Amino acid sequence: MTVQDIRPAKPLFSGADWDFDTLQRTFDAIERVALEDLGLDPYPTRLEVITSEQMLDAYAATGMPVMYPHWSFGKRFAQQELLYRKGYQSLALEIVINSDPSLCYIMEENTMATQATVIAHAAMGHNHFFKHNQVFQAWTAPDTILDDLRYARSFVKACEDRHGRHAVEQVLDAAHTLFAHGVGRDKAQRPDPLEQRERLRRRRREALEAMDELWLRTVPHALADEEEDAKEAYRDAERRALGLPEDNLLLFLESHAPLLEDWQRELLCIVRQLATYFEPQRQTKMMNEGCATWCHFEIMNRLRDRGEIDEGAMLEFLHLHAHVVAQPDFDQRGYPGINPYALGFAMMRDIARICTAPTREDEEWFPEIAGNDDPIGTLRWAWSEFRDESFVRQFLSPKLIRDWRMFRLRDDAEDPEYLVEAIHDEAGYRKIRSALADLYDPAAQQPRIEVVDADLRGDRKLHLRHWVHDGQQLDALETRRVLRHIARLWGYEVRLTEVEEDGEELGSYETAEL
């Protein structure tokens, strides 16, 4: 069948204006290409057309359609609106929610060509990625997220009525401060809110019972010369009962803070679950955007080939696409770093090239996929099985390193000059690929802070440890501010120690000194 044979009598739309019939007709055509040609399998999608003010509202509420009340969301709305009204910032063309069915917001100001692009990008690309990527599967519950948010909103409002807005805001302020530390990165699992709450209550009760039993069993029989050993054994048992060390600070405080009431623990649980929901988006930002950009590029080109998009719409699409994948040079003023859309799209196209037209170099580097003539199947597999860090480590090719003219720069605080350690040549490919993958490693993006001790039978001081990586210590002012929030939740003094990876102590903070 030739392209001319499948051309329809007329394009799906003409000009910039759109109505709901045109939108539905275009969505159907895009979905047909996505499912039949690309083999995508997205969640069912519900499109909602919103105004710029509604988009700003969604920005303020972290992109979610339902959110509990908190002053910080209003502050964020005012900031975003000012930037938008003054022309310093444009709005996203769409927002898509990882839910089942998926919600896809599109702006009413968009032209029809833009609407088609964002439907292909978000409703098909992002939606397929949400449904199939293993990180999202392990960390999120798309079938219950909207119900969870409705519950959170009603619970926070009820708490405000019962305990006062100020008391609720104090807990939420502290919980939001620890948002990035509300995820246990080694303990990912699909959460069930009811089971999780019951498990936490049971864990808290069992920990207290275990400590009571141990206290009764060891202390009365401890001889003088064995007293120290008995105390140390007790401390070890106590730490095991508390699950230490624990890197999920919100979970630890929710489970073990001595003075928190149940409604306060529930507020911590709500914020912690929200942090867990967003964690996969942080770990797969580049892959997710690359997948969606590759999908919209393929779908729009296939629609053009079939005559369902005219040349004017195609030119507008190409202009929009070029803007999305623009990558500023490193020495350009205001350089924002690597554009995740640009690198993700480039890697997707490079994988497709390796599958269909590999060079000898590709065959040496990627023997599993080179020349398999299944680019779409290979991409769907990669979207399912990898996150940004492992994706770069696995698929960044020497050709792409050369095309992007990547190099590795060493920035040593003790050296007054930068050092170029590797460039795009035979000796530098693996070093550059490893260095870039390290940038996407979740462990390298957040300070590693753990709860290491909490003497519940003594002074109840909470002990935290920050493992210093690559010489990067915490900002002193910010650390003191966060420790005050932790102390408010814990109810007693908090001590944080900064430790090198070899165990050398670099310094400490105590809330008693703040």
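Before any of the text, the structure's been laid out above.
Source: prediction; values computed, not measured.

A. Structural detail: the overall build of the protein. Secondary structure assignment for the protein yields 21 helices and 9 strands. In the protein, which comprises 514 residues, the share counted as buried stands at 48%. Sequence separation of 24 or more characterises 73% of the internal contacts of the protein that already satisfy a separation of 6 or more. When the accessible surface of the protein is summed, it comes to about 26,000 Å², and 48% of that surface belongs to carbon and sulfur atoms.

B. A look at helix H14 (residues 340-356). Over its 17 residues, H14 extends 24 Å from the first C-alpha to the last, a length consistent with the 24 Å expected when each residue adds 1.5 Å. With respect to burial, H14 is a largely interior element, 14 of its 17 residues being buried. At the N-terminal boundary of H14, the capping side chain belongs to asparagine 339, with an oxygen 2.9 Å from the backbone nitrogen of tyrosine 341.

C. Up close: the sheet that holds strand S7 (residues 462-468). If you walk across this open sheet you meet the 4 strands as S6-S7-S8-S9, and the pairing is mixed. Among the strands making up the open sheet, the edge pair consists of strand S6 (448-454) and strand S9 (505-510). The average angle at which neighbouring strand axes cross in this sheet is 20°, direction not considered. In this sheet, S7 lies alongside S6 in antiparallel orientation, the contact comprising 6 bridges. In the sheet register, isoleucine 449 faces S7, and the bridge partner there is histidine 466. Helix H10 (residues 249-256) contacts S6 and S7 of the sheet and is inclined by roughly 25° relative to S6.

D. Structural view of the pattern of salt bridges. Evaluated as defined, the whole model comprises 26 salt bridges. One salt bridge connects glutamate 48 with arginine 46, and the closest N-O pair in it is separated by 2.7 Å. Since its relative accessible area comes to 25%, glutamate 48 is described here as partly exposed. Arginine 46 gets classed as partly exposed once you look at its relative accessible area, which sits at 45%. When the shortest N-O distance is used, the salt bridge between arginine 410 and glutamate 421 registers 3.7 Å. Of this pair, arginine 410 sits in strand S4 (residues 408-410) while glutamate 421 sits in strand S5 (residues 419-422); the two residues are 11 residues apart in sequence, bridging distant segments of the chain. Given a relative accessible area of 34%, arginine 410 falls into the partly exposed group. When its relative accessible area of 31% is taken as the criterion, glutamate 421 is described as partly exposed. Here the residues in one salt-bridge network are Asp37, Glu298, Arg302 and Arg306, joined through shared partners.

E. The arrangement of unusual backbone geometry in detail. Note the cis peptide between aspartate 100 and proline 101, where omega equals 0°. Note the cis peptide between leucine 244 and proline 245, where omega equals 0°. You will see that aspartate 373, though not glycine, has its phi angle at about 55°, which is positive. When you line up the elements, aspartate 373 lands in the loop between helix H15 (360-365) and helix H16 (375-385).

F. Region of interest: the side chain of threonine 22. Note on placement: threonine 22 falls in helix H1 (residues 20-37). A residue is classified by how much of its surface remains accessible, and threonine 22, at 10% relative accessible area, is buried. Not counting the four nearest positions on each side in its chain, threonine 22 is found in contact with Leu12, Phe13 and Met112.

G. Expanded view of the sheet that holds strand S1 (residues 45-50). Strand order in the open sheet formed by 3 strands is S1-S3-S2, and the pairing between neighbours is mixed. Two strands bound the open sheet, and with one partner strand each, they are S1 and strand S2 (94-97). Within this sheet the neighbouring strands show an average axis-to-axis angle of 20°, counted without direction. With 4 bridges connecting them, S2 and strand S3 (residues 102-107) associate as antiparallel partners. Note that in S3 the partner of valine 96 across the bridge is cysteine 104.

H. The arrangement of the environment of leucine 242 in detail. Tracing the backbone through its elements, the reader meets leucine 242 in helix H9 (residues 227-242). Residue classification places leucine 242 among the buried positions, given a relative accessible area of 1%. Expressed as a C-alpha distance, the spacing of leucine 242 and alanine 454, which sit 212 residues apart in the sequence, is 8.5 Å.

I. Highlighting the pairing of S2. Of the two faces of S2, the one holding Glu94 and Val96 and the one holding Ile95 and Ile97 are both buried throughout. Between S2 and S3, which pair antiparallel one after the other, the connecting turn spans 4 residues.

J. Looking closely at helix H2 (residues 52-60). Along H2, the residues that are buried comprise Ser52, Met55, Leu56, Ala58 and Ala60. Packing partners of the buried residues in H2 comprise S1, helix H3 (71-85), S2 and S3. One or two residues past the end of H2 sits threonine 62, with phi positive at roughly 55°.

What counts, and at which threshold
Residues numbered from 1 in each chain as written. Predicted model: local features only at pLDDT ≥ 70, side-chain atom pairs only at ≥ 80, totals over all residues. Heavy atoms only, no water. Helix = DSSP H or I, 4+ residues; strand = E, 2+ residues; numbered from the N terminus. Buried < 20%, exposed > 50% of the residue type's maximum accessible area, 1.4 Å probe, protein only. Contact = heavy atoms within 4.5 Å. Areas by Shrake-Rupley, 256 points an atom, 1.4 Å probe, with all protein chains shown as cover. Expected span 1.5 Å × (residues − 1). Polar contact = N/O pair within 3.5 Å; in protein donor to acceptor, adjacent residues only side chain to side chain. Pairing = 2+ DSSP bridges. Axes fitted to C-alpha atoms, helices over the stretch in contact; angles between N-to-C directions. Salt bridge = Lys/Arg side-chain N within 4 Å of Asp/Glu carboxyl O.

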